Amino acid sequence: MRKLLVTGGAGFIGSNFVHHVIEHTDDHVTVLDKLTYAGNRASLDGLPGDRFAFVEGDIADAILVDSLFVEADAVVHYAAESHNDNSLNDPRPFLDTNIVGTYTLLEAARKHGTRLHHISTDEVYGDLELDDPERFTENTPYNPSSPYSSTKAGSDLLVRAWVRSFGVQATISNCSNNYGPYQHVEKFIPRQITNVIRGIRPRLYGKGENVRDWIHAEDHSSAVLTILDKGVIGETYLIGADGEKNNKSVVELILELMGQDAEAYDHVTDRAGHDLRYAIDSTKLRTELGWEPQYRDFDAGLAATIDWYRANELWWSADKDGVEAFYASKGQ
Ligand code: NAD
Ligand code: DAU
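The sections below set out a description of the structure shown in this document. The structure displayed is predicted, hence computed values, not measured ones.

1. Details of the site of ligand 1
If you check the shell around ligand 1, you find 28 residues, and the closest are Ile13, Asp33, Ser82, Tyr148 and Lys152. Contacts to ligand 1 include phenylalanine 12, whose backbone N or O atom sits 3.0 Å from an oxygen atom. Between an oxygen atom of ligand 1 and a main-chain N or O atom of asparagine 178, the distance comes to 2.9 Å. Here ligand 1, which alone exposes 840 Å², has 97% of that area covered by the protein.

Structure below.
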């Protein structure tokens, strides 16, 4: 039985990955998570006690990290401060977790010779024009826009340097925007779904022309497992499922799927430095490692996500008022 250490496993994508691993493999999973405002222990409820353990702690705690690496066969590193809007408000935690935290894990991987997979984002590449025929590839130059994406870019560069200089056994993946269950209500899709449930009009930044390349969290999980099993050490793999949509069309679809007038939303203050468009070319992952996304029907995936938020109001309701108060203070 392989022993996996998953950092950030109480967050959105990390918890989806832990459920995926328990369902699709024989691996044992230990989650290391600080349970920040974004971590929710309840996202890991119901996992079998003989296959799963939870450790509350900080990835920047070198002593704790060292003790967990002693036991791990491989580490999948999801833990991060992940929200662009928060990084514009207070960048410091992004430096502490995304840079110093990743450095701490790399030093432990170096000491113990542990296989590490680093989870990153397409935002490290900056943004594209709406009519640009090119999409991001593994060769696109780094050009991050926000404090969040610049710390993720920094963490990727640390991983590359530790591979080259110290022979650390690491791979990197850069994925596009995820949707699905267990996503915090600060993020775009859950915010609008829970707004409609609460009788609040959805909020669209600026004109809503910005494009995101949506992928279901379940497809992200299967891609990460594929890279963990078959990826070449030192390589970077882009993960995407050809899901480009502009924000306006996503809000309108949410309203339609929830039985509302598709025009019943408000335009609010735009995000500072707002990236215009992300688009992923995942040819390398598909051709070299044989991965394919399974959740190709965005409307069906979004409808299932809406059902999940309707059925799990207790999971998100405690966070909702604080998130809306934060956005209101910024005119969003
Ligand atoms: P999230 O904010 O939902 O979860 C982050 C988790 O990390 C939380 O459980 C939090 O408690 C934990 N954490 C934060 N700081 C920590 C620390 N110092 N020590 C230990 N745990 C800590 O984030 P997410 O959306 O699930 O993103 C997970 C990873 O995937 C991040 O690295 C992010 O950059 C990357 N990513 C996210 C997306 C997306 O669409 N959400 C897309 C591509 C890549
Ligand atoms: O591309 C991958 C990235 O996707 C990840 O690295 C990040 O961790 C993740 O948060 C996400 O970043 P975005 O900034 O794209 O996601 P967010 O959900 O914050 O916003 C998606 C789009 O919706 C973006 O163009 C901003 C817009 N938006 C967001 C909110 C919260 C709105 O129009 N209204 C809103 O209320």
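2. Some points on the sheet that holds strand 4 (residues 74-77)
With respect to topology, 7 strands assemble into an open sheet ordered 3-2-1-4-5-6-11, the strand pairing being parallel. Each end of this open sheet is capped by a strand with a single partner; those strands are strand 3 (52-56) and strand 11 (236-239). Geometrically, the sheet is characterised by an average inter-axis angle of 20° between neighbouring strands, direction not taken into account.

3. A look at the side chain of histidine 83
Within the element layout of this structure, histidine 83 appears in the loop between strand 4 and helix 3 (84-89). In contact with histidine 83, other than residues within four places in its own chain, are Tyr37, Phe94, Glu186, Lys187, Arg271 and Tyr327.

4. With respect to the pattern of salt bridges
On inspection of all chains with the given rule, the structure shows 21 salt bridges. Close ionic contact of arginine 191 with glutamate 324 constitutes a salt bridge, the shortest N to O distance being 2.9 Å. Of this pair, arginine 191 sits in helix 6 (residues 188-198) while glutamate 324 sits in helix 11 (residues 313-329), and the two are 133 residues apart along the sequence. The class for glutamate 324 is buried, based on a relative accessible area of 13%. The network of salt bridges with shared partners includes Arg135, Asp242, Arg286, Glu292 and Arg296.

5. Description of the packing of aromatic side chains
Scanning the model with the defined rule gives 15 aromatic pairs in all. Centre to centre, the rings of phenylalanine 94 and tyrosine 148 are 6.4 Å apart; their planes meet at 75°, and the pair counts as edge-to-face. Highlighted residues: phenylalanine 94 in helix 4 (residues 92-112) and tyrosine 148 in helix 5 (residues 147-166), separated in sequence by 54 residues. By relative accessible area, phenylalanine 94 is classed as buried at 1%. Note on tyrosine 179 and phenylalanine 298: the rings are 5.0 Å apart at their centroids and 70° apart in plane angle, and the pair reads as edge-to-face. Of the two residues, tyrosine 179 sits in strand 7 (residues 178-179) while phenylalanine 298 sits in helix 10 (residues 298-311), which places them 119 residues apart along the sequence. Its relative accessible area of 9% is what places phenylalanine 298 among the buried residues. Linked through ring pairs, Tyr125, Phe136, Tyr142 and Tyr278 together constitute an aromatic cluster. Over the aromatic face of tyrosine 237 sits the side chain of lysine 284, whose NZ or CZ is 4.8 Å from the ring centroid.

Cut-offs used in this document
- Residues numbered from 1 in each chain as written.
- Chains lettered and ligands numbered in written order.
- Predicted model: local features only at pLDDT ≥ 70, side-chain atom pairs only at ≥ 80, totals over all residues.
- Heavy atoms only, no water.
- Near = heavy atom within 4 Å.
- Polar contact = N/O pair within 3.5 Å; in protein donor to acceptor, adjacent residues only side chain to side chain.
- Areas by Shrake-Rupley, 256 points an atom, 1.4 Å probe, with all protein chains shown as cover.
- Pairing = 2+ DSSP bridges.
- Helix = DSSP H or I, 4+ residues; strand = E, 2+ residues; numbered from the N terminus.
- Axes fitted to C-alpha atoms, helices over the stretch in contact; angles between N-to-C directions.
- Contact = heavy atoms within 4.5 Å.
- Salt bridge = Lys/Arg side-chain N within 4 Å of Asp/Glu carboxyl O.
- Buried < 20%, exposed > 50% of the residue type's maximum accessible area, 1.4 Å probe, protein only.
- Phe/Tyr/Trp six-rings, centres within 6.5 Å; stacked < 30°, edge-to-face > 60°.
- Lys NZ or Arg CZ within 6 Å of the ring centre and 35° of its normal.

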